[in-house]
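Below, each chain spelled out in residue letters.
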Amino acid sequence: MTSTKPRQAATVRTWRGLAPRRRQQVERRLDLRLVAPVAIAWVATAFGGLLLDPAAAWAGSALALTVAVLLVAPRGRTRSPDGPRRLVALTLATTSLLLLSCAAQGSIRSAGPIADLARSQAVVTMSGTLTADPRPVSTAGRRGAPVVVVRLHVTTVVGRGVRTQVQTPVLVIGPASVWGGLGWNDDVEVVARLAPAEPGDDVVAVARPLGPPRVTGGPGLILEAAATVRERNRVATDHVWTDARGLVPALVVGDTSRTPQDLTEAMLATGLSHLSAVSGTNVTLVVAAAVWVCGLLGVRRRWRPLVAVVVLAAFVTVARPEPSVIRAAVMGTVGLLALSTSRRRAGVPVLAGAVVALLVWDPWLARSYGFALSSVATLGLLVLVRPWGEVIATGLPRRFARLGPVIAVPLAAQALCAPLVVPLQGSVSVIAVVANLLAAPFVAPATIAGVVVASLAVVWPAAAAVLAWTAAAPAQAIAGVARQCAEAPIVAIPWGESAWHAVALAALTAAGIVTIPWAWHRGRTRPAVAVAVVLVAAGVGAPTRAIAWPPPGWLLVACDVGQGDGLVVNSGPGRAVVVDTGPDPELIDGCLARLRIEAVDLVVLTHFHADHVDGLAGVLADRPVAEIRSSPVRDPPGEAEAVVRLAATKGTRIGELRAGQHLEVGAVSADVWWPAREIDAGSVANNGSVVLTLHVGGVSFLLAGDIEREAAAAVLREVQRDPARWGTVDVLKVAHHGSGNRDDRLLDHVSGRIALISVGAGNDYAHPTPSTLTALDARGFAVHRTDLEGDLAVVSRDGEITVVSP
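Residues numbered from 1 in each chain as written. Predicted model: local features only at pLDDT ≥ 70, side-chain atom pairs only at ≥ 80, totals over all residues. Heavy atoms only, no water.

**Student:** So what's going on with the packing of aromatic side chains? Residues and values would help.
**Tutor:** Remark: the centre distance and the inter-plane angle together describe each pair of aromatic rings, the angle taken between the planes. Tallying each qualifying case throughout the model produces 3 aromatic pairs. Measuring from ring centre to ring centre gives 5.0 Å for Trp42 and Phe371, while their planes differ by 40°; the resulting arrangement is tilted. With Trp42 in helix H3 (residues 35-47) and Phe371 in helix H15 (residues 369-383), this pair connects stretches of sequence that are 329 residues apart. Given the relative accessible area of 0%, Phe371 is considered buried. With a centroid separation of 5.2 Å and 70° between ring planes, the pair formed by Trp673 and Trp726 is classed as edge-to-face. One end of the pair, Trp673, is in strand S17 (residues 668-674); the other, Trp726, is in helix H29 (residues 723-726), and 53 residues separate them in sequence. (Phe/Tyr/Trp six-rings, centres within 6.5 Å; stacked < 30°, edge-to-face > 60°. Helix = DSSP H or I, 4+ residues; strand = E, 2+ residues; numbered from the N terminus. Buried < 20%, exposed > 50% of the residue type's maximum accessible area, 1.4 Å probe, protein only.)

Next comes the structure, spelled out in structure tokens:
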């Protein structure tokens, strides 16, 4: 007799009952469904929600949510929405949530009179709290003094006799001698003149103080204790090597106050700058080390998450809970999932949730490159490192197989982050992967030892000072890697800076990921393929500047001298007129050498800021200079006196240029339009810049120095008085490296549509500003930048004007 009773024991399958291979396949399959909805909502926030007024953002949020509800609403008793419809609905719902946050926070920020006061450039009295430490910038103030920028959360404003309670962020730009001594979370009161911020900025207004701030409060006991930890950490490492003295506090809590400037530049050039800021890497290392110590001490597993949370809270407090630190803490916590075999599959959904939560908390993170790079790097850690590490391990000798994931980490980060970095740098780093691989073995020892030193310094400073060498040694090794890699023959490959260039790089990266395994296999089986790949790579990478530079028919070259101006005009074979000399003698000297200039007929110094005159020694070093002519506005006086002393040492005549003068130097002629007088507004030095229309080889150039809106308006009046002398201008050298302090009416008097911007890569002023680029683009200018393209040569061939770079 056969039983009809169901055999439940044979049919019911539990997770524990799955075969090991099946369990492994389920676990290894990543859930990527949330990536697209979050990415689309992010883009909608960055380029839509933050540019809308709160009312429009409210309406957009309601519309997106309504459509999402309609998409998922059941149309019958048994029908449920299909997968694509649910995905679109999720995207719209996420977008609605972020737009709602934009509207809510925009309403709070714009409430009150500050936006209106800024539009009228009113003088106000503000009370508020510093939300970050003052950050130095390299631009000079009105009298040449260094300045800092700091975010101020304004709570009270007195304008036009009315006191108002507000919750408004304002960016303060003030002298470093006054504001540099303040700290995060200090309460201050200041009298300042307001100006409107750029659309989409994370501040409502920009303030320039009219006097020193009055400190009305401090950060509180807990944060003062955190500051004590930072200070004692600096004291404990004060006796170690110079580079390590700056790097150890930077690796531990992002304190870069003592990092040498040349080391900072080397780390930036080699892709190691993320190590000297509070990043997800720091958080991951610190929390992972805490969990590991719990294991050594026998702490039960259920208590370890609590320990991790306490350690994370303490770390964030010491590093200061600024927005960038909170972001790093969240991303570092998500990154720990990549190290967990049992929870790896949840990593991408958790990352997506973390991104949405952070964007709801601060929608302006959607326009932050740091946040984008951190998120994308974390995604690469979760998605690519494990499979790439396994593939790399198969190609390594068995005893080095464990290095596969180590090599995969910087490769994955470079592959995903490079398209985002291109719009900032205009180049693709070829040394970053190598530098990160070489530095990787030293990062964890330096960071963890640094944390121990910082903790010990609170209770036993003497012991911490001895232990500091254990953190200093690996930190010094990281510095050595950065410096050596920065001196490599090829550090980066020039690339365009537009969105299309970024898309092209992303497509090229994807193609490389697909084709490299095929090329590797073919190269092992067919050596001819390997030889061909090597030859093509060598042909593409071989430098051609020595034989192709300068280009035939060149008229003017904007030298890549960093954040400054250095222009060379062709006045005859082997001869030149030099307009400004940049901040570094070696850079301008190298540019002149590449152009094969043997003698300089004239040096024009438009004004005396260091980024225009400190390179003068490089021009005078190895070639005769007939004469120097400068602005009559001797501001800042220290730099002006240094120029006079250097000219006297070399026996070179020095004179002045004033509005109305005409010059003839070899094949070059020029008309001087400014200065006619000193303008006591804005920056006296910048508004005293020499402005020239220069003519060479049938092409006319407008060289605008660093003039600001006041001087630009004065030049415009002179042009309107004498349009015949102005004539036709073919090429514009944009004023002040693309600063937003300008008068766009002057652009309308440039007939040609070529603009050169002499600007330094990664400068602290965000030059050129988006508003300047927008103004140039709206008028049809083709913009060329030294930070993205290097030396820029204006060439005239067969009546056509072009700009070429090496």
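That covers the picture; the talk isn't over yet.
**Student:** Explain the packing of helix H4 (residues 54-72) against helix H5 (residues 83-110) to me, using residue names and the numbers behind them.
**Tutor:** Running from N to C, H4 and H5 point in directions that differ by 160°, and their axes come no closer than 8 Å. In terms of orientation, H4 and H5 fall into the roughly antiparallel class. Seen from above, H4 lies across H5 with left-handed handedness. Residues that form the contact of H4 with H5 fall into these classes: 17 nonpolar, 6 polar and 1 charged. (Axes fitted to C-alpha atoms, helices over the stretch in contact; angles between N-to-C directions. Parallel < 35°, antiparallel > 145°, perpendicular 65-115°, else oblique. Left-handed = near helix turned anticlockwise from the far one by under 90°. Nonpolar A, V, L, I, M, F, W, Y, C, P; charged D, E, K, R; others polar.)

**Student:** Go over the sheet that holds strand S20 (residues 731-733) with me, naming the residues and quoting the values.
**Tutor:** Pairing in this open sheet of 7 strands is mixed, and the strands run S16-S17-S18-S19-S20-S21-S22 from one edge to the other. Each edge of the sheet is formed by a strand with only one pairing partner; in this case those strands are strand S16 (662-665) and strand S22 (782-785). Sheet twist, expressed as the mean angle between neighbouring strand axes with direction ignored, is 20°. Bridging between S17 and strand S18 (residues 691-696) involves 6 bridges; their strand directions are antiparallel. Bridged to Ser669 within S18 is His695. (Pairing = 2+ DSSP bridges.)

**Student:** Would you mind going over the nonpolar core in detail, with residue names and values included?
**Tutor:** Of all hydrophobic cores here, the largest spans 45 residues; its most connected members are Leu247, Met267, Leu272, Leu275, Ala475 and Ile478. Secondary-structure elements contributing two or more residues to this core are helix H8 (221-236), helix H9 (242-253), helix H10 (261-269), helix H11 (280-297), helix H12 (304-319), helix H13 (323-338), helix H18 (432-459) and helix H19 (461-486). Top element by residues in this core is H19. It accounts for 10 residues. Beyond its immediate stretch of four places on either side in the chain, Ala475 contacts Ala244, Leu247, Val248, Leu251 and Ala446. (Core = buried A, V, L, I, M, F, W, Y, C linked by side-chain atoms within 4.5 Å. Contact = heavy atoms within 4.5 Å.)

**Student:** Which residues make up the pairing of strand S6 (residues 205-209), and what are the values?
**Tutor:** Among the 5 residues in S6, 4 count as buried, and that is most of the element. Bridge analysis of strand S4 (residues 162-175) against S6 gives 3 bridges, and the strand direction is parallel. Each bridged residue has a counterpart across the sheet, and for Val170 the counterpart in S6 is Ala205.

**Student:** Now, about the packing of H10 against H19: what can you tell me, with residues and values included?
**Tutor:** Following both chains from N to C, one finds H10 and H19 inclined at 70°, their axes separated by 8 Å at the closest point. In terms of orientation, H10 and H19 fall into the roughly perpendicular class. You can see that H10 and H19 cross each other, and the crossing is left-handed. Across the interface between the two elements, Asp262, Leu263, Ala266 and Met267 from H10 touch Ile478, Ala479, Ala482, Arg483 and Ala486 from H19.

**Student:** Talk me through the sheet that holds strand S11 (residues 567-572); I want residue IDs and the actual numbers.
**Tutor:** Read across the sheet, 8 strands follow the order S15-S14-S13-S12-S11-S10-S23-S24 without closing on themselves; strand pairing throughout is mixed. Every interior strand has two partners, whereas the edge strands, strand S15 (653-656) and strand S24 (800-804), have only one. Neighbour-to-neighbour, the strand axes of the sheet open up by a mean angle of 20°, direction not taken into account. Bridging between strand S14 (residues 627-630) and S15 involves 4 bridges; their strand directions are parallel. Residue pairing across strands places Glu627 opposite Arg653, the latter belonging to S15.

**Student:** Can you explain empty space enclosed by the protein? Please cite residues and give values.
**Tutor:** Scanning all chains against the criterion turns up 3 cavities of 30 Å³ or more. Residue lining of the largest cavity: 18 residues in total, with Val734, Ala735, Arg742, Asp743 and Leu747 positioned closest to the centre. A class-by-class count of the residues in the lining of the largest cavity yields 10 nonpolar, 4 polar and 4 charged. By volume, the second largest cavity is sized at about 60 Å³. Taken together, Val577, Leu602, Val604, Leu663, Val665, Val668, Ser669, Ala670, Leu692 and Leu694 make up the lining of the second largest cavity. Elements supplying a minimum of two residues to the lining of the second largest cavity: strand S13 (599-605), S16, S17 and S18. Among the elements that make up the lining of the second largest cavity, the one with the highest residue count is S17 (3 residues). (1 Å grid on protein atoms, 1.4 Å probe; cavity = no way out; pocket = protein on both sides within 12 Å on 5 of 7 lines; lining within 4 Å. Points joined across faces, edges and corners; volume = space filled by probe spheres on them.)

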